[in-house]
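Residue-level listing of the chains:
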Amino acid sequence: MTPEAKQILVQLRETFYAQFATAMKRDVSVTKDNSLIFSPSLAAIASWVDDHQRFNYLSVQAHTAPDALFPDRPLTLRVNINPPSGVVTNTKSVHKKTGLSLNASWSLNLTVLPEEIVEMAHWVASWIHSQDNDSIAIAAPYRLKVTPTENSDDYQVWTQTAWYSLHPEEQPAAPVDQPQAA
């Protein structure tokens, strides 16, 4: 990852966590350890206890990033919420402190472009609340693409712009919201 991409990730992660904590309207704890900031499995996480007394956590990581070999690769960010077991995170120490069971009833992976992530914080909080109480989430500020997963409780969601930045061959000839000229 280039130094510029690292700096963008650091700034956006901190801003997203702050916006997310405000939008959640409950206590959200953010771990702080600057020495672990670039390792996806050890980066800072946001955690909270839901209405069912389950421990939940969220992390923001680079999904793709430019580097020395691929300087033109786009920076895309992934918001991981309650990833399925087998995903290594630093939640073990946080979980031990709370003594609560991990929320394994659902997970969400949301992939966005850097310029989209902060605006998605309120939608993410709304989506989480909808999972907790079977309500409907607010409309996302960007068009979304849901990709299938093997488990119906694991959600893979992309903003369309993030998807097309990595899959340009699938870009429609005309913008999705615009009718084609006759």
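Residues numbered from 1 in each chain as written. Predicted model: local features only at pLDDT ≥ 70, side-chain atom pairs only at ≥ 80, totals over all residues. Heavy atoms only, no water.

Here we come to the side chain of Arg78. Position of Arg78 relative to the elements: it lies in strand 4 (residues 76-81). As a buried residue without a salt bridge, Arg78 has its nearest oppositely charged side chain in Asp154, at a separation of 12 Å. Among the polar contacts listed, one links the side chain of Arg78 to the side chain of Thr111, at a separation of 2.9 Å. Ignoring any residue separated from it by four or fewer positions in sequence, one finds Arg78 in contact with Ser59, Val60, Gln61, His63, Asn109, Leu110, Thr111, Gln156 and Trp158. (Helix = DSSP H or I, 4+ residues; strand = E, 2+ residues; numbered from the N terminus. Buried < 20%, exposed > 50% of the residue type's maximum accessible area, 1.4 Å probe, protein only. Lys, Arg positive; Asp, Glu negative; His and termini not counted. Salt bridge = Lys/Arg side-chain N within 4 Å of Asp/Glu carboxyl O. Polar contact = N/O pair within 3.5 Å; in protein donor to acceptor, adjacent residues only side chain to side chain. Contact = heavy atoms within 4.5 Å.)

Moving on to the side chain of Arg54. With respect to the element layout, Arg54 can be found in the loop between strand 2 (45-49) and strand 3 (55-64). Relative accessible area serves as the criterion here: at 17%, Arg54 is assigned to the buried category. Only 2.9 Å separates the side chain of Arg54 from the side chain of Asp50, close enough to count as a polar contact. The contacts of Arg54, once residues within four sequence positions are left out, are Trp48, Val49, Ser101, Asn103, Ser105 and Asp132.

Before going further, it helps to spend a moment on unusual backbone geometry. A positive phi angle, near 55°, is found at Lys25, a position not held by glycine. Its location among the elements puts Lys25 in the loop between helix 1 (3-24) and strand 1 (29-30). Note on Lys25: relative accessible area 77%, which makes it exposed.

Membership of the largest hydrophobic core comes to 32 residues, with the highest contact counts inside it found for Phe16, Phe20, Leu58, Ile81, Val124 and Ile128. If you list the elements that add at least two residues to this core, you get helix 1, strand 2, strand 3, strand 4, strand 5 (107-112) and helix 3 (114-133). Beyond its immediate chain neighbours, meaning those up to four positions away, Leu58 contacts Phe16, Tyr17, Phe20, Ile45, Ala46, Trp48, Val79, Asn80, Ile81 and Val124. Core analysis: the second largest hydrophobic core is formed by five residues, Trp158, Ala162, Trp163 and Tyr164 among them. (Core = buried A, V, L, I, M, F, W, Y, C linked by side-chain atoms within 4.5 Å.)

Attention now moves to the pattern of salt bridges. Within this structure, the stated rule accounts for four salt bridges. A salt bridge links Asp51 to Arg26, with the shortest nitrogen-to-oxygen separation between them at 3.0 Å. Here Arg26 lies in the loop between helix 1 and strand 1 and Asp51 lies in the loop between strand 2 and strand 3, a separation of 25 residues in the sequence. The structure contains a network of salt bridges with shared partners spanning Asp50, Arg54 and Asp132.

Any link to function would need more than the numbers given here.
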